[in-house]
Each structure stands twice: as C-alpha cells, then as structure tokens.
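Listed here are the chains, written in short residue letters.
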Amino acid sequence: MRRTVQLLCIALLAGLVATAAFAQSTTATLHGKVLNEHGSAVANAEISAVNTATGFVKTVNSRGDGSFQVSLPAGEYNIVVAAPAYEARSQTLRVLVGQNIESNFLLSPTAVVNESITVVGNQVVETKTHENATNVTPEQIEGLPQDDRNFLHFAEMAPGVRFSADPYSKSFSGDAQDSNQTNVFIDGVSFKNDMLDGGIAGQNSSRGNPFPQNAVQEFRVITQNYSAAYDHASSAIITAVTKTGGNNLEGQAFVFYQPRQWVAPNQKNFQYFTATANDSYKRYQPGISIGGPIIKDKLHFFLSYEGDQEHATTPVAVGNPAFASQFANFTGSFPSPFRENLGFGKLSWEPLKNQLVDVSGTYRKENEIRDFGGQTSDQSASSVRNTVYDVTGRHSWNNSSALNQAAISWQRYSWNPAALTPGIIGQDFQGALRIGSRDTTQQFDQRRFELRDDYNFAPWDMSGTHNFQVGGNIDFMKYHVNKSLNGDPIFRYRIDPANGYDFNSPFQVSYGFGNPLFSTSNRENGFYGEDKWTVNQHLNLSLGLRWDYESHMLDESYVTPPNIVAGLTGKFTPPAGTSTDYFSNGSNRTSYKGEFQPRLGFSYDLRTDGKSVVYGGAGRYYDRIGLNIALEERFRLQFPSYTINFAAPGHTPTGDQIPFDPKYLQIANLNQLIQSGAVHPEIYLVNKNTKPPYSDQWNVGFRQVMGSWTGSVSYDVVRSKRQFDWVSASGTCCQAFVPGFGNVIISDPIGKSTWYNAEQVSLDRPFTGHWGAHIAYTHAKALQNGNDLFALDLPTAALYARHPVAGSEPNHFVGTGMVGLPWETRFSTTVTLGTGPATPVFDLTQGFDLAGHLKTGVINSAVYPPKSGGFGYRNVDFRLEKDFPTFGKTSAGVVLDVLNAFNWANYGCLSNFIGPGGDPATLGIPGCVVSIGRREQLGFRVKF
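Worth saying up front: this structure is predicted, and the values here are computed from it rather than measured. (Residues numbered from 1 in each chain as written. Predicted model: local features only at pLDDT ≥ 70, side-chain atom pairs only at ≥ 80, totals over all residues. Heavy atoms only, no water.)

## Looking at the overall build of the chain
And then number 1: For the chain, the helix and strand inventory stands at six helices and 58 strands.
And then number 2: At 30 Å, the chain has a C-alpha radius of gyration in line with the 30 Å of a compact globule built from 944 residues.
And then number 3: In terms of its C-alpha atoms, the chain occupies a principal-axis envelope of roughly 105 × 65 × 50 Å.
And then number 4: Considering the chain as a whole, with its 944 residues, one finds that 59% of them fall into the buried category.
And then number 5: Here the chain displays about 35,200 Å² of accessible surface, and carbon together with sulfur accounts for 58% of that area.
And then number 6: Charge centroids of the chain, computed over 74 positive and 82 negative side chains, lie 1 Å from each other. (Helix = DSSP H or I, 4+ residues; strand = E, 2+ residues; numbered from the N terminus. Rg over C-alpha atoms; globule rule 2.2 N^0.38 Å. Buried < 20%, exposed > 50% of the residue type's maximum accessible area, 1.4 Å probe, protein only. Areas by Shrake-Rupley, 256 points an atom, 1.4 Å probe, with all protein chains shown as cover. Lys, Arg positive; Asp, Glu negative; His and termini not counted. Charge placed at Lys NZ, Arg CZ, Asp CG, Glu CD.)

Here you go:
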C-alpha cells in the first residue's frame, strides 16, 4: 500500500509537470473583475501583460462573470485592457515577487479605470495581503551600502528578523527561533539544509555568500501567515527570484576593493574574529553579469559571476615566554586566505502563448584556511571546502481558466573541513602552543532531487469568488557522512608540578576510533490546498491546509545494541514515558504522519479603496530535525570519541586515570588501548516518540496608505515547541549505568519551547527615481526554556525557567534611505539601532547542587551590552555613487561605502556566570566586540 501511494504521488506530480506549469512563491498574481460603467460584468475582455524588458506576453480573457487572473513573474509590465465597444487603455505597472493584487477594471466607451490598487511611481503597493511580508526591491539590493554582498543581510529590513553577527555563520533568524527553522526558496526551489545548522544549504560554518547577488532580482521576507505552499520552516522564510535577460543586451562588471589601511583597529583593545585584524589583509570582490536576447521576444539568456578573494595572514605566538625558543619554528605570520566563486546561468523561453520555460544552474565553491592563530600553530589549521550545485527546470502556463507552475531540480551540497597538514600527531602544550594536525575531518554531502508543482483552478463563485490552489513537492534525498571527530589524536600537556605533569608527558588525550562513514536516504513529501476567497468588497480570506511527511528523518532503521538495552533497562527514569522508549529494534521507531498544518489569513478593507486594511491570521508550521542530531546515537558508538586521562609517570592513578606509557603516542598502540576496554564511550539515545518541531503563530495588524507612504502596525505571537534538546539520563549531568560505557545522554521528547510576543511597526516609501525610504521597528519579548542543544543541568528542558533567547533584542530598529542627487549621483544609508543581543545568565548562587534549582532555574535571566547613546547596538553605513556616461548606453561608475561610519564599538562576550557566593555586580562586563570598526571600500562599475 505504501509503495502504491508513493507511485500515485509521483505520477500526480509528473502529470502536472507534463501538462501545465504557477507558483505564487515566484510570481505575482493579478486578479479581479472587468466591469462596465453600470457595474455589470464584461465577458471576454482581453487583459494582456507585456513584460517591458523581455517582450514576453501573458494574455487572458475575462469569464462570463467578468473575473480573470494572470500570473506575472516579478517585473515591469504594460497592462492593456480591451473589449468590443470600449476604448483600449494601457498602464505600466511594476509588480514584486509574491504580491497578490486584486484589481477591478471599470470600462467606459472612452476610458479604462484601474480600481483597488495603489501605485507609487509605477510600483504596485500591496495592502490586502494577510502575510507579514517585506519586499526587498532591485533598487535596494543594488543601491544600499553593504560590506560583503550577501543578499540575506537585507532580510533584516523585515521587522522581527535578525541577521547573524557570527562571521562563520551568515544566516538569518526570525521571532524567538534560531536560523535552523528558516528556509530560502530561489525561483521556487527549496535551499533547506537538512544536515547541519544555518537553515540554508552552504551557510553552516561558512563566511561565504549563498548566491551571486548580481543574479538576484528581488526577494520577499515573510515572517508570519505565509502560504501553505511553503514547506520546512516554522520561522521566517525568504522567497527570491533571479534575473532574466531581455530584448536588449545589458550587463555590468564591477570590482570592490578593501585594503587593511581602510579598516579601523580593533575597538577598545578587544579582539573580534575577522581577517581584517592582520596587517596583510586585503579583499577583492569582482563580478560580472550579462543578459540579452537569443531570439527577440522568444528566447533570452542571463549569466552572472561573483568572486570573493580575501588575502590575509594570521599571527602565531607562544603564550608562555619560557618556551619561546622551544617552539620558535612555529611562530610568525602564516597565510589564511578565503576564496569563493559564485556562478549562475539561465535560459528563458516562451515556446507558445502564455507559456514560459526557464532552465537555470547555480555554482558555488569556496575554500578557506582557518582555525589557527594565537597559540594554535598553522600546522593545526583546517582547510574548509564548501560547495553547492543546482540545476533547475521550470515550466509555467496559464489561460483564462487555470494557472500552473512546475519545477524539477537537482541540488548537491557538500561541507568538508579537513586537516591542512594531515598525519602529524596533535599536541596541545597548554599556555604555550598547540602543534600537529587538526584532529577532526568531516564531510557532509546532501543531494536533493525535487519535483514541485502548484496549480490554480479557475475562479468560481459561491458566496463570493474563490481562487483555489493545490500543489505539492516530492524530494528524494541522499546523505553521505564522514564524521571523523578527533580521528587524529590530540595529546594535552600542562605544567602542574604538584601532580607531576610537565611538557614531557601528557595528562590527557582525545581520540576518535571506529567507522566514521554513513549513508542513508530520505523522502520528503508535502501536499497542500489553499482557497483565496474574496467574500465581498471588504473581506478576503485565505484558507489553507498543508501536510508533510518524511520517511527517514530519525534514522528509523537503527538498532540499539543488545548489551546497552540489557544494561539500561529499568536503570533510569526518562522525562516522559519509560526507558524502553529509547531502545530501537529497527522497526518500532516510525515516521511521524501528523504534520497537518491548518492556516488561516484575512484582510478587511475598511473603505474598499485598498488604503485602510485590517489583516491577520493564524496557523501551524512544521520544520524538521537535522540529520547531524538524529545520527548522534549511531555515531557515538560507531565512531566514539574518547577522552583518556593519564597519571603522570611515577604517580598512582586515581579516578579514571591510567598510567602513561610513551608507546601511546603511536596510534597503533592507542588503538590497542581502546580495544582493551580500558576507556569507555558515551551512550546517546533518541526517544522513539520524538516528533518534528513546530510553531503556532497568530497576529493581527493594520495597514494604511498615506500618499506615497504605506505604514503598518501589528501584534505578533509565536509559540514554538519540540525544539530538540539532549538531557542526562541521570537527571543532572552525568552518570554511567552500563559497564564498559560512559555517560548516558538521552533526547527530551518534549524538548525546548519558545515564546515570542512582538509589536512591529514599518513605514515604506518605494524608490521612484528621486528618493525612497524604509523603516522597521520591533519591540519584542523572546523567551525560551532549556538550553540550545544540551540541557544537561536539569532533568528536562521544561524545568528550566523561562529566560530571554540568546541574541534576541527587546528593541530593534532598522532604517534605510536612498536619494538621487544631481549629476548622476546617489546617496544611501542604513541605520541599525537596538538594545543589543541578550546573553543568558547562569545563576548558581544556590550552589552546585542542581536539584535545588528546580524552582528558580539555572538560567532565569539575561544581561545586555552596556549602552552608549541610549543603545546597546549602533551602526550607521553610508554609500555614495557617481556614474559617468561614456558612449551610447554605457556608463562607468564609482562607489564608496563607509561602514560603521562613526566607529562605534558594539560589545559582546558578556560575563554571565554567578557562582555560589558570587557577586552579581560582575555581570554584564564585556569581553569582546561583535562588530568591526569603521571601514571603507571602493568600487568601480561599468554598466552597458
């Protein structure tokens, strides 16, 4: 039966791919009615939308009741409405990705009147959507100041969205949840990272960019009430569309340059992890894009490339001067370069009337040498390779009765940190220097083959007008893992005369041993239906239901070793259920089938003119548990990482120590020691009733058009549940129950929860060639229980007191502005102000007897950075551009960015620990800065 259902689902999607092609995630929708001057329906009126760049035409005819709908890829269109006995009229409109525009056309013998929409310049302003959404336009992507050309950074323009300050994890997050619960769709294709952190393929532990910014036309950030068409996200999502070549050959080439001399020194004598901290730093960011016709009005191409070349060296020094001569060969400055190449290509073809075929490919490859410096030698560096490849085909089609878009895609993502100099025994002389090979090599490889389709039926009348859409996706996933944690041993030494330790013999070694390889497959199915119901001139409803299912999210075929089952049965009391719930026989852990996600949205137009609208909605949104988490119980036994403590020569072993023998410095002898059973691996167990995380969301808001400005206020509530947490089987960390094994760590089936309540305000004035501005302010309370991934201090995550989410801000403001100046000059700015990121406090004033914390919680509060000018975080960026016409349509330009223009220091690494008898007055003292000082970069650009 299961196989039959699979085949039927595949056949359904394949049939839709073959017969049709509309997905509101990648297009705008224009719908409404054509009426005459008496308010009666005009049947068979022709509505044509001609893309002013490509010449591609979408044409539909109104039905008997005057209704019509047409899907439009984001862009500028000449809209022509014509009917017999009426004079044809046209209007140029620019629509943005994801907009759902309701427009009624009133025809008279001499005019066509476009009702119910607001236009600034030629850009349509969307007011009737139920979504909490922010559109980032081409002008903003191209014109606002930016340091690294990562288009995700602009997501922070949406209220409630945070962009990571971590230079190794350039990702975004929304509400109280972390980046893992987000998703990005590019041309309708999911870029979800199933394996590692970051939410997006390629963004875990990388300072690279996910996509060439010069290939992104625009995108939409949706924080609440998004359509049931979107999958695998319980927080914010981004839907982006790429550029398409037009009837004119156009393009641009650029290079941005930033030398070390243009970067201010580290602020307040604090260090911030960045390559700009060394004297040899310089960065080049070249790029080029070109698009144009192959066959005018029929077949176009677009190509883009962006690079990032960062040249740097990192200094290495001996921490203890007494050993400077011993390690002199390892000191100095050593190369730590970063290289990234991004490419994108696209063919767009209109084979028949109202059909469009796109074929595109993405290339991302980066390499970085890192993880050394200070008291870590370059011998111990990692060479990190990160790649993403994607090929996608899309077919869209519409007539007067239906709309559809189908997509088929293949994607590969690989993250591979490895030792730069393998084969050298690692030695950490604490306080002096760490030498030898990097101890860990990993490779996570994800391959996704996806079929996706969205189909819109013809509108039909019953108590209003219904626009019904159905669709789904089937993703065939392959995962390959090499997780060699501590696969090369690292021996640790310290100067401790009282216990006989010196740099001649180690006190400890960490070493992983076993089989680090694993491969598996997974299938991700999702299906939905959604009704966009225009009840009357005032009220619009969106009624949706989505269902998702994964075949192998939790390593269902895993079998718990019999000796562990026997040794643990009845030995511990889990946070829910019984100990037997943690034993898998390969068939008792079933895939969860309950991911039903009802979604409701509404908008109420107070005066039927689209200028004063009340909106809101509620819904449930499921995400998933990452592969790296689900595989822990397998890998902790398949390739356990051991920590072996040695007694110094001539000293009697105590506790878990064993006598040190120099032979253990040889890997073969270290393997024999482990095989003898002298050391013990930890046990990790996943509860068979573990279910994927989800969030329940609801909000209510109000939008108002005020001339060329559109403002909105909203109150937003998010409750997320079942975020994954590991807890100790003994209730508080940690205890061994089974002979031959160490600590027992188990999953909490209830998991971590978050609570988010926010008031959000936004103001937007589209850039019309003269000026534009955008303002977003969020006042929020973001709380959680538990810890991030390990909550080992208490028996369950639920027993932790609610406390602010790490990194969250009670107040956050982002403002952007652009203005056109005389002589082809433009000025823009971005202003970011906030409370500063929260740092949870670990309060152990009641002592280290954790049982005494069940009521007050180990973590129950947070501290925030010290304020300066009334804010804990401040940043102002400027950009000035000047274009010089050359010949024909070609121009050359100069771009100057001044980032953190006032050189403000933003603090982090706040002291957050109160021990028994500790002084709370020490809380909140910063230990680092979390932003780079003032820096300038210069760009040169040629447009043609």
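After that view of the structure, there is still more to cover.
## A word on the nonpolar core
And then number 1: F151, L152, F172, F219 and I238 are the most contacted members of the largest nonpolar core, which has 44 residues in total.
And then number 2: Setting aside its immediate chain neighbours within four residues, I238 contacts F151, L152, A155, F172, N183, V184, F185, F219, R220 and V221.
And then number 3: Counting residues in hydrophobic clusters, the runner-up holds 27 residues, among them V316, F327, L433 and I658. (Core = buried A, V, L, I, M, F, W, Y, C linked by side-chain atoms within 4.5 Å. Contact = heavy atoms within 4.5 Å.)

## Considering the pairing of strand 21 (residues 299–311)
Moving residue by residue along a regular strand, the side chains alternate between the two faces of the sheet.
And then number 1: Note: strand 20 (residues 282–295) against strand 21, 11 bridges, orientation antiparallel. Bridged to P293 within strand 21 is H300.
And then number 2: If you look at the hairpin formed by strand 20 and strand 21, you'll find three residues sitting between the two strands, and D297 has a positive phi there, around 65°.
And then number 3: Relative to strand 24 (residues 338–349), strand 21 runs antiparallel, the two sharing 12 bridges. Note on strand 24: the bridge partner recorded for F301 is L347. (Pairing = 2+ DSSP bridges.)

## Some words on the state of the cysteines
And then number 1: A full pass over the atoms with the stated rule returns one disulfide.
And then number 2: A sulfur-sulfur separation of 2.1 Å characterises the disulfide bridge that pairs C909 with C928. Residues C909 and C928 are joined by a disulfide whose S-S torsion is about 85°; by sign, that bridge is right-handed. Pair noted here: C909 is in the loop between strand 55 (907–908) and strand 56 (913–914) and C928 is in strand 57 (residues 928–929), with a separation of 19 residues, a long-range link. (Disulfide = S-S within 2.5 Å.)

## Description of the packing of aromatic side chains
And then number 1: If you walk through the whole model with that rule in mind, you get 38 aromatic pairs.
And then number 2: When the ring of F151 is compared with that of F219, the centres are 5.3 Å apart and the planes differ by 70°; the resulting orientation is edge-to-face. With F151 in the loop between helix 2 (138–143) and strand 13 (161–163) and F219 in strand 17 (residues 216–224), the pair connects residues that are 68 residues apart, well separated along the chain.
And then number 3: By relative accessible area, which is 1% here, F151 ends up buried.
And then number 4: On the numbers, 5.8 Å between centres and 55° between planes, the contact of W709 with W771 is tilted. In this pair, W709 is assigned in strand 43 (residues 709–723) and W771 in strand 47 (residues 771–784), connecting sequence segments 62 residues apart.
And then number 5: The partly exposed category is assigned to W771, whose relative accessible area is 34%.
And then number 6: Ring pairs connect the aromatic residues F323, F327, F429, Y493 and F503, which therefore count as one cluster. (Phe/Tyr/Trp six-rings, centres within 6.5 Å; stacked < 30°, edge-to-face > 60°.)

## Looking at the pairing of strand 38 (residues 612–622)
And then number 1: In terms of residue burial, strand 38 counts as a mostly covered element, since eight of its 11 residues are buried.
And then number 2: The sheet contact formed by strand 37 (residues 595–605) and strand 38 spans seven bridges and is antiparallel. Across the sheet, residue D605 finds its bridge partner in strand 38, namely V613.
And then number 3: Where strand 37 hands over to strand 38, the hairpin turn is made up of six residues, of which T608 adopts a positive phi near 60°.
And then number 4: Bridge analysis of strand 38 against strand 42 (residues 694–706) gives 11 bridges, and the strand direction is antiparallel. Bridge pairing in strand 42 links G617 to N699.

## Focus: the pattern of salt bridges
One side chain can pair with another of opposite charge once the charged atoms of both are near each other.
And then number 1: Enumeration according to the criterion identifies 44 salt bridges in this entry.
And then number 2: Between D548 and R546 there is a salt bridge, and its shortest N-O distance comes to 2.9 Å.
And then number 3: Across the pair R607 and D609 runs a salt bridge whose closest N-O atoms are separated by 3.7 Å.
And then number 4: Judged by its relative accessible area of 48%, R607 is partly exposed.
And then number 5: For D609, a relative accessible area of 26% puts it in the partly exposed group. (Salt bridge = Lys/Arg side-chain N within 4 Å of Asp/Glu carboxyl O.)

## Let's talk about the environment of P159
And then number 1: Relative to the assigned elements, P159 resides in the loop between helix 2 and strand 13.
And then number 2: Taking the relative accessible area as the measure of exposure, P159 reaches 11% and is therefore buried.
And then number 3: Along the backbone, P159 and S762 are 603 residues apart, and their C-alpha atoms lie at a distance of 7.3 Å.
And then number 4: With residues up to four places along the chain from it excluded, the contact list for P159 reads T134, T223, Q760, V761, S762, A776 and T778.

## Quick notes on the sheet that holds strand 56
And then number 1: With mixed pairing, the three strands of this open sheet are ordered in space as 52-51-56. Two strands in the sheet have a free side with no partner beyond their single neighbour: strand 52 (859–863) and strand 56.
And then number 2: Relative to strand 52, strand 51 (residues 839–843) runs antiparallel, the two being bridged by four bridges. Across the sheet, the residue bridging to V841 is S861, located in strand 52.

## Some thoughts on the sheet that holds strand 45 (residues 744–747)
And then number 1: If you trace the three strands from one edge of the open sheet to the other, you get 41-45-44, paired in mixed fashion. This sheet does not close on itself; its edge strands, each paired only once, are strand 41 (683–685) and strand 44 (726–728). Sheet twist, expressed as the average angle between the axes of neighbouring strands with direction ignored, equals 30°.
And then number 2: Both strand 41 and strand 45 contribute to a ladder of three bridges, which runs parallel. The residue of strand 45 that forms the bridge with I683 is V744. (Axes fitted to C-alpha atoms, helices over the stretch in contact; angles between N-to-C directions.)

## Focus: helix 6 (residues 667–675)
And then number 1: When we look at burial in helix 6, the residues that qualify are N669, L670, N671, L673 and I674.
And then number 2: A positive backbone phi angle near 85° is found at G677, which sits one or two residues after helix 6.

## Thoughts on the environment of E632
And then number 1: Structurally, E632 is set in helix 5 (residues 632–638).
And then number 2: On a C-alpha basis, the gap between E632 and D147 in space is 37 Å, while along the polypeptide they are 485 residues apart.
And then number 3: Here E632 is in contact with K483, Y684 and W726, once residues within four sequence places are set aside.

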